[in-house]
Amino acid sequence: MSTQTAARPRAVAAEVLQRARGRYLSPLASLVLFVVMFAAVIARYDFASPTQVFLNLLVDNAYLVVLAVGMTFVILTGGIDLSVGSVVALSTVIVATTLKAGWPMPLAVATVLVVGPALGLLMGLVIEYFDVQPFIVTLAGMFLARGLCYVISVDTLPINDPTLREVGLNYVYLYEDKFIRWTVVIAIVVVVIAVYTLHQTRFGRTVYAVGGNRQSAQLMGLHASRARVSVYAISGFCAALAGLLLAVQKLSGYSLNGIGLELDAIAAAVIGGVLLSGGVGFVLGSVIGVLVLGTIQTFVTAANLDSYWTRIMTGVLLLVFVLVQRLVVRKPG
Amino acid sequence: MMKRFAASPLLWPALALVALLAVNVVLTPSFLSIRVQDGHLFGSLVDILRNGAPTMLVALGMTLVIASRGIDLSVGAVVAVSGALACAHIASATDPASAGTVITAMGIALGVAVGLGLWNGMLVSVFGVQPIIATLVLMTAGRGIALLITDGQIVTITSAPFKVLGAGYAFGLPVAILVSLSVFAVVGLLTRRTALGMLLESVGINPEASRLAGVRHRSIVFAVYVFCALCAGVAGLMIASNISAADANNAGLWIEMDAILAVVIGGTSLLGGRFSLTGTILGALIIQTLTTTVYTAGITPETTLVFKALVVIAVCLLQAPKFRAVVSRGRSRKIPRRPNPAPGSASSGAQPRPIAEPTSGPAPSASVMVTK
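Cut-off values and rules
Each chain has its residues counted from 1, running along the sequence as written. Each chain gets a letter, beginning with A, and each ligand a number, beginning with 1, in the order they are written. Reporting in this predicted model follows two pLDDT cut-offs: at least 70 for local features of residues, and 80 or more for side-chain atom pairs to be given and counted; totals over whole chains, interfaces and linings ignore these cut-offs and use all residues. To obtain the side-chain values, all non-hydrogen atoms of the structure were included, while hydrogens and water were left out. Each helix is a run of H or I in the DSSP string that is no shorter than four residues. Each strand is a run of E no shorter than two, and both are numbered from the N terminus. The reference for a compact globule is 2.2 Å times residues^0.38; the radius of gyration itself is calculated from the C-alpha atoms. Pairs of residues are marked as contacts when any of their non-hydrogen atoms sit within 4.5 Å. Computed with a 1.4 Å probe, the accessible areas rest on the Shrake-Rupley method; for each residue, only the protein chains presented here act as cover. Counted charges follow a simple rule, with Lys and Arg positive, Asp and Glu negative, and His plus the chain ends left uncounted. A single reference atom marks each charge: NZ on Lys, CZ on Arg, CG on Asp, CD on Glu. Buried, partly exposed and exposed residues are distinguished by accessible area as a fraction of the type maximum, computed with a 1.4 Å probe on protein chains only: under 20%, between the cut-offs, and over 50%, respectively. Put simply, buried area is how much 1.4 Å-probe accessible surface two parts lose in total, over both of them, once they are put together. By definition here, a salt bridge exists when the distance from a side-chain nitrogen of Lys or Arg to a carboxyl oxygen of Asp or Glu is within 4 Å. N or O atoms closer than or at 3.5 Å make up a polar contact, with two conditions inside protein: a donor-capable atom paired with an acceptor-capable one, and, for residues adjacent in sequence, both atoms drawn from side chains. Side-chain classes follow a simple rule in which Ala, Val, Leu, Ile, Met, Phe, Trp, Tyr, Cys and Pro form the nonpolar group, Asp, Glu, Lys and Arg form the charged group, and the remainder, Gly included, forms the polar group. As a rule, the C-alpha atoms of each element are fitted with a line to give its axis, helices using only the stretch in contact, and angles between N-to-C directions run from 0 to 180 degrees. Should an angle lie under 35 degrees it is considered roughly parallel, over 145 roughly antiparallel, and from 65 to 115 roughly perpendicular; all remaining angles are considered oblique. Left-handed describes a crossing whose near helix is turned anticlockwise from the far helix by less than a right angle; the clockwise case is right-handed. Between any two strands, pairing holds if DSSP finds at least two bridges. Residues enter patches when they are more than 30% accessible in relative terms and free of salt bridges; like-charged ones are connected within 9 Å and nonpolar ones (Val, Leu, Ile, Met, Phe, Trp, Tyr) within 5 Å. The definition of a nonpolar core used throughout is a set of buried Ala, Val, Leu, Ile, Met, Phe, Trp, Tyr and Cys residues joined through side-chain atoms within 4.5 Å. Two aromatic rings from Phe, Tyr or Trp, using only the six-membered ring of Trp, form a pair when their centres are within 6.5 Å; if the ring planes differ by under 30 degrees the pair is stacked, by over 60 it is edge-to-face, and anything between is tilted. A ring is considered to have a charge above it if a Lys NZ or an Arg CZ atom is located within 6 Å of its centre and within 35 degrees of its normal.

Visitor: How do you make sense of the overall build of chain A when you look at a structure like this?
Guide: Of regular secondary structure, chain A possesses 14 helices and four strands. Taking 20 Å as the expected radius of gyration for a compact globule of 333 residues, we find that chain A reaches 21 Å, a close match to that expectation. Along the first, second and third principal axes, the C-alpha set of chain A runs to 75 × 55 × 35 Å. A separation of at least 24 residues holds for 76% of the contacts in chain A among residues at least 6 apart in sequence. Counting only carbon and sulfur atoms, one obtains 64% of the accessible surface of chain A, whose full area is about 14,800 Å². A gap of 13 Å separates the mean positions of the 21 positive and 14 negative side-chain charges of chain A.

Now the structure itself:
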């Protein structure tokens, strides 16, 4: 009797462990790391409200969450998108310029949400149909988008649209005095849609299959080309949306926004356990990666360190993660 | 003969460079003129060579790394660290103008650069981390370290001997370009007159097979990362010496991207294997000429990036075998169809790793295309 009842939890534990050893290990490790780091920062600096500090992580990094979601799609297919930082800047500049020129707000937003995916689609088509390396094509895309920013405007342009100001400035109270902002709501919606797409739709399966083994996916009759082109359009869309979120957060458009942001997005994905070789990883892992980066930022600000410590610590953390992944997760195949 | 010339992978980059120069001559007729002033050559071409020297040097190191099927994103950070170390040492020395101080400073900077290269090499070859991530670590942290060395300030120095490397002249030419070209010559000799180049290509084409064939894959990978970091270190010294200051934030910013572009424009595939040092030099010159063109043409500097993007896309497309196939198919529609029409080529495109670029040139062209 007693052995039987004891065996069940043990079996469950074994199964959990089994699963954890597989593809869930890296994201779980990131989650543990995040909790430990966050707890350490909270304990060290004695914030008034830990909940609000956590919510602020989301508020400050809403755009990065959206960006990391798009990057995850691309990396899952084994590609990379270096253009996202510039597309973010381009989006902020476009929305600010068009609003200044008197366009109605919905039209300005729509323009941004068309330009980003269009650029992504273009890059995806070149990558897929002309067989040019993603690294190079998106690097060219990065130069192009950043150049277009400078062509449109080199000044900081304020955004005065009442609706956008409201989105950027108003609090969304969760309970009592704990609040988030609308940007966080948008980011969470994006994450939910991305998770659904990747795990519950044919397209999501194809993305994983293409990243795992392009040739097998093609031989199985999956639309490998379509998936590979689409992920760049998705990444472009996410970058455009992230640009809008950043513009709303800063209530301005500036062509020097988001320099090096693509590296943050890639770092978040890597810390979250997405393998750059493709086929392995989760959107939620990348979100945890963003939270880890945000915690570093919170720590550096709270400790009153120079801002370059953020970079050094991010680098060290990346290193730890890469090595842990190497030692614990054996290379597939 | 003509056919082999037309099939050479160097054709498009060379044509692009000539076209860019031609545009410049049209815009400013005096562009190609070189005169002697203060005992050294002076003119736009010399400027291009001098300003392009750091990128050229970094791109040479990058070529070898890419040939080994790797990539080094950390060179920009190494440039910043090297410049910061040298300037910090010279600024804190009692006698900044003495040759001894400058040599020690350069020694420290290059020593640390080699150390960083060893670090990259260790991550890649011993721990087996993907090169792009392994070097991403240093790319992220490196600039922070450089800022740490300079304490977040721009360190300015006054040291005549230190200025020689970046702004000096020897034999009428800028010292920087002489350094870059001699590195090019040495690397060219080492890789094409000894077996090193072939071993490197074998590692890049198939690491496992080359290991089984007895190639010391690990030492070669180590060596290329160290060499690449050393090149970046020297480039960092050039940049710091040219402006007599270490700007940890901006020195070598995006130089890794420029270097990778130069390598790719020069016809070396990012998938590793066959590489072309001459192509890389051409690529670096194209990038620098492009920047200079934008300035001399009176186009606002803000649009440089747009032009850069367009040229990069054009050159990469012209080099892509598939794009060329599409273009030549369009041209030769009248000619009877080849036995292997579209479906065959479509399925071959499905393969994830085309190991060697299918060029129509004869097999031994690998050695022809590189050494002069």
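Still more to cover.
Visitor: Is there a simple way to think about the overall build of chain B in this case?
Guide: The helix and strand inventory of chain B stands at 17 helices and six strands. Residue burial in chain B is summarised as follows: out of 372 residues, 50% are buried. Across chain B, the fraction of contacts at a sequence separation of at least 24, relative to all contacts at a separation of at least 6, is 78%. Surface exposure of chain B reaches about 16,300 Å², of which carbon and sulfur atoms provide 68%.

Visitor: Would you take a moment to explain the interface of chain B and chain A for this structure?
Guide: Frequently, the measure chosen for interface size is the accessible area that the parts lose on association. Each partner contributes residues to the interface: chain B has 48 residues there, and chain A has 44 residues. Counting the surface chain B buries against chain A, the share from its top three residues, Thr140, Trp254 and Leu305 of chain B, is 13%. For the pair chain B and chain A, the interface holds zero salt bridges. Summed over the shared surface of chain B and chain A, the number is one residue pair in polar contact (both at pLDDT 80 or more). Secondary structure elements with two or more residues in the side of chain B that touches chain A: α5 (99-126), α6 (131-150), α12 (255-265), α14 (304-319) and α15 (321-331) of chain B. In terms of residues, the side of chain B that touches chain A owes the most to one element, α6 of chain B, which gives twelve residues. Its residues assigned to classes, the side of chain B that touches chain A shows 35 nonpolar, seven polar and six charged.

Visitor: What is the right way to read the packing of helix α4 (residues 84-100) of chain A against helix α11 (residues 224-250) of chain A from this model?
Guide: Two packed helices can be described by the angle between their axes and the distance between those axes. Residues and elements named next belong to chain A. One way to put it is that α4 packs onto α11 with a least axis distance of 7 Å and a crossing angle of 50 degrees. As summarised for this structure, α4 and α11 are arranged oblique, according to the angle between their axes. α11 is crossed by α4, and the crossing has right-handed handedness. Counted together, Val84, Val87, Val88, Ser91, Thr92 and Val95 of α4 and Ser235, Gly236, Ala239, Ala240, Ala242, Gly243, Leu244, Leu246 and Ala247 of α11 form the full contact between these two elements.

Visitor: Could you clarify how one ought to interpret the pairing of strand β2 (residues 171-175) of chain A in this entry?
Guide: Within a regular strand, side chains alternate between the sheet's two faces. Residue and element names in this part refer to chain A. Where β2 lies against strand β3 (residues 178-181), four bridges are found, and the strand directions are antiparallel. Note on β3: the bridge partner recorded for Tyr171 is Arg181. Remark: two residues form the turn of the hairpin made by β2 and β3, two consecutive strands paired antiparallel; Glu176 in that turn has positive phi of roughly 45 degrees.

Visitor: Is there a simple way to think about unusual backbone geometry in this case?
Guide: Outside of glycine, negative phi angles account for most residues, and trans bonds account for most peptide bonds. Residue and element names in this part refer to chain B. Of note, the phi angle at Asp151 is positive, near 60 degrees, even though the residue is not glycine. Along the chain, Asp151 turns up in the loop between α6 and β3 (155-156). In this structure, Phe171 is a non-glycine residue whose phi angle is positive, near 50 degrees. Here Phe171 lies in the loop between β4 (169-170) and β5 (173-174).

Visitor: Even after reading the chapter, I still don't get the environment of Ser92 of chain B, so can you show me in this structure?
Guide: All names here are of chain B. Structurally, the position occupied by Ser92 is in helix α4 (residues 75-92). The exposure class assigned to Ser92 is exposed, which follows from its relative accessible area of 60%. Along the primary structure Ser92 and Ile157 are separated by 65 residues, whereas in three dimensions their C-alpha atoms are 9.6 Å apart. At 3.0 Å, the side chain of Ser92 and the backbone oxygen of His89 are in polar contact.

Visitor: Would you mind going over the side chain of Ser286 of chain A with me for this structure?
Guide: Residue and element names in this part refer to chain A. Along the polypeptide, Ser286 turns up in helix α13 (residues 283-302). Looking at Ser286, the relative accessible area reads 1%, which means it is buried. Look past the residues within four positions of Ser286 in its chain and what remains in contact with it is Ala68, Thr72, Ala268, Ala269, Gly272 and Val274.

Visitor: Whenever I open this one, a nonpolar patch on the surface confuses me. Can you help?
Guide: All names here are of chain A. Residues Tyr24, Leu28, Leu31 and Val35 make up a contiguous nonpolar surface patch of roughly 320 Å² in combined accessible area. For Leu28, the location among the structural elements is in helix α2 (residues 25-45). Taking relative accessible area as the criterion, Leu28 reaches 39% and is therefore assigned partly exposed.

Visitor: In this structure, what is going on with the environment of Ala68 of chain A? I would like to understand it.
Guide: Residues and elements named next belong to chain A. When you line up the elements, Ala68 lands in helix α3 (residues 50-76). When its relative accessible area of 1% is taken as the criterion, Ala68 is described as buried. Note: C-alpha distance between Ala68 and Ala242 (174 residues apart in sequence) is 9.5 Å.

Visitor: Looking at this model, I keep getting lost on the nonpolar core. Mind explaining?
Guide: The tendency in soluble globular proteins is for nonpolar side chains to be buried side by side. Counting residues in each nonpolar core, the largest one holds 210 residues, and the members touching the most others are Leu67, Val95, Phe135 and Ile136 of chain A together with Phe162 and Ile260 of chain B. For this core, the leading source of residues is α3 of chain A, giving 18 residues. If sequence neighbours within four positions are ignored, Ile260 of chain B has contacts with Phe135 and Ile136 of chain A together with Met62, Ile66, Ile71, Leu73 and Leu270 of chain B.

Visitor: I would appreciate a short explanation of the packing of aromatic side chains in the present structure.
Guide: Here the distance between the centres and the angle between the planes together describe a pair of aromatic rings. Per the stated rule, a full pass over the model turns up eight aromatic pairs over all chains. With a centroid separation of 6.0 Å and an interplanar angle of 85 degrees, the aromatic rings of Phe38 of chain A and Phe54 of chain A are classed as edge-to-face. Here Phe38 of chain A, found in helix α2, pairs with Phe54 of chain A, found in helix α3; they are 16 residues apart in sequence, far enough to count as distant. Residue classification places Phe54 of chain A among the partly exposed residues on the basis of a relative accessible area of 29%. By way of ring pairs, the aromatic residues Phe34, Phe38 and Phe54 of chain A are connected into one cluster. The ring of Phe275 of chain B is capped by Arg192 of chain B, whose NZ or CZ atom sits 4.3 Å from the centre of that ring.

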